[in-house]
Amino acid sequence: MVVILTVYKNIFSLLKVWCHMKLIYKLILMIVIIILAIISTYILLGNNWKDENKVENKVNQEEINQLGDLYTNIGKYDGVVGVIGKDIVSSIEVPTKYFVIENTSTTNAPFYSQVYFSLPEDLQAKTDNDLNTLVKLTRSTSNETDNKGKTVKRESIDITVIDIPSNNIIVQSQMNSILPEHITDADIASYLEALCGYNLGDLYNKIDIYAQIKPSSTEIRKANNPTKYFIIEKNSDIGGKFAFSQINNSLSKELVATSSSELNTLVLLEYSKTKFGTYGNGSIAYRLDLKITAFDMETGRLINQGHLFGNPPTSISSTNTLGAAGIVTYEQIVSYLENLASYN
């Protein structure tokens, strides 16, 4: 009680002093109080910024330590541009080991992407020797006019996925969103999981097993109904090993198995090339042969064994000394498998 009375007395005394002060002194005192308040706020915010910056630097250093030679080789990876195969699309290796770097449209300084840390650990390359699939992201924004005539800002991310052993571009695609809705790291990670079939559960881990399956009989039997496919492919020009096929991602969802228990029709795609002739400049023309084999997973019997062919172009540039090969499009393969399953 005595303390409270003392406080009130002091406040009352200060008010009396304030009332008797000249206006000029009141203004000076108010200015001093405001300046002190600004300085205190600045110091407080500055300390908070320093603390936050220390945490951020610490986290970044931990990530750099975790990346090891993947981090020190970012410049080398930035120089990997990949080539687009004109005849055969490169398979994505399984097990897939990704590293992700990114750039922006306004800078040429590549840096490691946080998308890497959003991937399942099974898909993260741990060393330079471990890496087999490089992902390069380029972020940009642009102003566009929507269907109502309103200007909106669009965020775009260009994605290039490169097979390191062959230096072939596996896929190039783009993700877009209208700001303020951003494309998240989780969105990109989910796309990369689907790209290598990791989202298909235990099918991803059984590719080596499926690659060893041989027909138990040469008798052709009818397709399963409903048909649930899983597709792997082998390219004689690229390693000659079965890998996850992008055709899985091109088929209608109704036709794609999502687990080994659901799988009833395994499809093996085998690409090869044979010499078809020569062009006027002496370079070789190749015919592409795609062998398609479908197995009934319950009995091991053949459902189908057929071929799609791609004839080389009739002419090429006189400066092309590498020759050319025919192509078989994804649309042709999808149509073939849909017809096999009587899906159409």
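Residues numbered from 1 in each chain as written. Predicted model: local features only at pLDDT ≥ 70, side-chain atom pairs only at ≥ 80, totals over all residues. Heavy atoms only, no water.

(A) Fine view of the pattern of salt bridges. Counting across every chain of the model gives nine salt bridges. The salt bridge partner of Arg221 is Asp296, with a shortest N-O separation of 3.6 Å. Of the two residues, Arg221 is situated in the loop between helix H7 (207-210) and strand S6 (229-235) and Asp296 in strand S9 (residues 284-296); the sequence distance between them amounts to 75 residues. Looking at Arg221, the relative accessible area reads 33%, which means it is partly exposed. Note on Asp296: relative accessible area 3%, which makes it buried. (Salt bridge = Lys/Arg side-chain N within 4 Å of Asp/Glu carboxyl O. Helix = DSSP H or I, 4+ residues; strand = E, 2+ residues; numbered from the N terminus. Buried < 20%, exposed > 50% of the residue type's maximum accessible area, 1.4 Å probe, protein only.)

(B) Expanded view of the packing of aromatic side chains. Counted by the stated rule, this structure contains eight aromatic pairs. The structure contains a cluster of three or more aromatic residues connected by ring pairs, namely Tyr71, Tyr77, Phe99, Tyr112, Tyr116 and Phe117. Across the ring face of Tyr286, the terminal group of Lys273 is positioned such that the distance to the ring centre comes to 4.9 Å. (Phe/Tyr/Trp six-rings, centres within 6.5 Å; stacked < 30°, edge-to-face > 60°. Lys NZ or Arg CZ within 6 Å of the ring centre and 35° of its normal.)

(C) Structural context of helix H9 (residues 330-340). Buried residues of H9: Ile333, Val334, Tyr336, Leu337, Glu338 and Leu340, and no others. Contacts from the buried residues of H9 go to S6, helix H8 (247-250), strand S8 (265-278), S9 and strand S10 (302-310). Once H9 ends, the next one or two residues include Ser342, with phi positive near 55°. (Contact = heavy atoms within 4.5 Å.)

(D) Representation of the pairing of S10 within the structure. Pairing of S9 with S10 involves eight bridges; the strand directions are antiparallel. Across the sheet, residue Asp289 finds its bridge partner in S10, namely Phe309. Where S9 hands over to S10, the hairpin turn is made up of five residues, of which Gly300 adopts a positive phi near 80°. (Pairing = 2+ DSSP bridges.)

(E) Just the environment of Asn103, in detail. Its place among the elements puts Asn103 in strand S1 (residues 98-104). Residue classification places Asn103 among the buried residues on the basis of a relative accessible area of 11%. Sequence separation between Asn103 and Leu137 is 34 residues, and the spatial gap between their C-alpha atoms is 6.2 Å.

(F) Structural view of a nonpolar patch on the surface. A cluster of nonpolar side chains, namely Ile31, Ile35, Ile39 and Ile43, defines an oily patch on the protein surface of about 360 Å² accessible area. With respect to the element layout, Ile31 can be found in helix H2 (residues 23-67). Judged by its relative accessible area of 48%, Ile31 is partly exposed. (Patch = residues over 30% accessible without salt bridge, like charges linked within 9 Å, V, L, I, M, F, W, Y side chains within 5 Å. Areas by Shrake-Rupley, 256 points an atom, 1.4 Å probe, with all protein chains shown as cover.)

(G) Representation of the confidence of the model for the chain. When pLDDT is averaged along the chain, the result is 85, and 84% of the positions lie at 70 or above. Mean pLDDT per element in the chain: helix H1 (residues 2-20) is the minimum at 53, and helix H5 (residues 115-118) is the maximum at 97. (pLDDT = per-residue confidence, 0-100.)

(H) Geometry of the side chain of Ser177. Topologically, Ser177 is positioned in strand S5 (residues 168-178). For Ser177, a relative accessible area of 9% gives the class buried. Only 2.7 Å separates the side chain of Ser177 from the backbone oxygen of Glu181, close enough to count as a polar contact. If sequence neighbours within four positions are ignored, Ser177 has contacts with Lys153, Arg154, Glu155, His182 and Ile183. (Polar contact = N/O pair within 3.5 Å; in protein donor to acceptor, adjacent residues only side chain to side chain.)

(I) Highlighting the pairing of strand S4 (residues 151-163). Bridge analysis of strand S3 (residues 133-145) against S4 gives 13 bridges, and the strand direction is antiparallel. Within S4, the residue paired with Ser140 across the bridge is Ser156. Linking two consecutive strands that pair antiparallel, namely S3 and S4, is a turn of five residues; a positive phi of about 80° is found at Gly149 within it. By the bridge criterion, 10 bridges tie S4 to S5 in an arrangement that is antiparallel. Of the residues in S5, the one forming a bridge with Arg154 is Ile178. Where S4 hands over to S5, the hairpin turn is made up of four residues, of which Asn167 adopts a positive phi near 60°.

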